[in-house]
Amino acid sequence: MASWQDYLKLMRSLSKTLGDLTEVEHDKNAAAARGDLRGVEECMKREQVLSLTLRGYDQKRDSLLRDLGITGVRLSTLVDHSPEELRLETKAVAEELRRQYALFQTASEVARNTLECNLRAIERTQAVQAGDAVQAEEQRKNHQTDFRA
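Per chain, residue numbering runs from 1 following the sequence as it is written. Local features in a predicted model are, by the rule used here, given only for residues with pLDDT of at least 70; side-chain atom pairs are given and counted only at 80 or more, and totals for whole chains, interfaces and linings are based on all residues. Think of the side-chain values as coming from all heavy atoms in the structure, minus any hydrogens and water.

### Regarding the overall build of the protein chain
Helix and strand assignments follow DSSP, with helices taken as H or I runs no shorter than four residues and strands as E runs no shorter than two, numbered in order from the N terminus. Across its full length, the protein chain holds 4 helices and 0 strands. If you list the helices and strands of the protein chain from N to C, you get α-α-α-α. We call two residues in contact when some of their heavy atoms are within 4.5 Å. Considering only contacts within the protein chain whose residues lie at least 6 apart along the sequence, 74% involve residues at least 24 apart. Here, Shrake-Rupley sampling with a 1.4 Å probe gives the accessible areas, and only protein chains in the shown set may cover a residue. Just so you have it, the protein chain exposes about 10,200 Å², and 52% of that area is on carbon and sulfur atoms.

### Looking at helix α1 (residues 4-34)
What a helix should span is 1.5 Å times the count of its residues minus one. With 31 residues, α1 extends 45 Å between its outermost C-alpha atoms, agreeing within 8% with the 45 Å of an ideal straight helix rising 1.5 Å per residue. Just beyond α1, the residue with positive phi is G35, at close to 75°.

### Concerning the side chain of K28
Here K28 shows up in helix α1. Only protein chains enter the accessibility calculation, which uses a 1.4 Å probe. A residue is then buried if its area is under 20% of the maximum for its type, exposed if over 50%, and partly exposed in between. The class for K28 is buried, based on a relative accessible area of 8%. The residues contacting K28, other than those within four sequence positions of it, are V40, C43, M44, E47, A111 and L115.

### With respect to the nonpolar core
As used in this record, nonpolar core signifies buried Ala, Val, Leu, Ile, Met, Phe, Trp, Tyr and Cys residues forming a set joined through side-chain atoms within 4.5 Å. W4, Y7, M11, L18, L21, I70 and L78 are the most contacted members of the largest nonpolar core, which totals 20 residues. Elements supplying a minimum of two residues to this core: α1, α2 (37-68) and α4 (87-148). The biggest single contributor to this core is α1, with 8 residues.

### Comments concerning the side chain of T17
Within the secondary structure, T17 sits in helix α1. A residue is classified by how much of its surface remains accessible, and T17, at 5% relative accessible area, is buried. Sequence-distant contacts of T17, defined by excluding residues within four places in its chain, comprise L50, T53, L54 and Y57.

### Concerning the packing of aromatic side chains
Only Phe, Tyr and Trp rings take part, Trp by its six-membered ring, and two of them pair if their centres are within 6.5 Å. Stacked means planes under 30 degrees apart, edge-to-face means over 60, and tilted covers everything else. This structure, assessed with the given rule, holds 1 aromatic pair. The interplanar angle of 55° and the centroid separation of 5.9 Å between the aromatic rings of W4 and Y7 together place this pair among those described as tilted. Of this pair, W4 and Y7 both sit in helix α1, 3 residues apart, which is roughly one turn of that helix. Relative accessible area serves as the criterion here: at 8%, W4 is assigned to the buried category. You can call Y7 buried: its relative accessible area is 5%.

Below, the structure written as structure tokens:
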């Protein structure tokens, strides 16, 4: 049987993961602003790992809520369902989770906007790099041809 403390522990873990995701979004924003495609890709890999973690938390949350008999209860009304002795702690944990989620949403929006703005610059950089490779290959062939002549 799950306890209310187990649920609060899960919510704290969720808050920490959202904080980690917020940090990744800040890093992704900085990488996108620099035109650092590898940095953006690395951030996206980190996001995927954290997203899998969130899915695991979601499944565990559903199970805990079912065990506690409060399936379908929204975070905003969670404190009303908590044991009396844990109401203040529940309120604090729920507020922290909402705060972390709001910070993540803001950071995610900023990173998305930066990516959209810099996508063309990144594409141009890739095209130049690809063009440089083609040009280098052509020069190598020309040098070989010149050498043979």
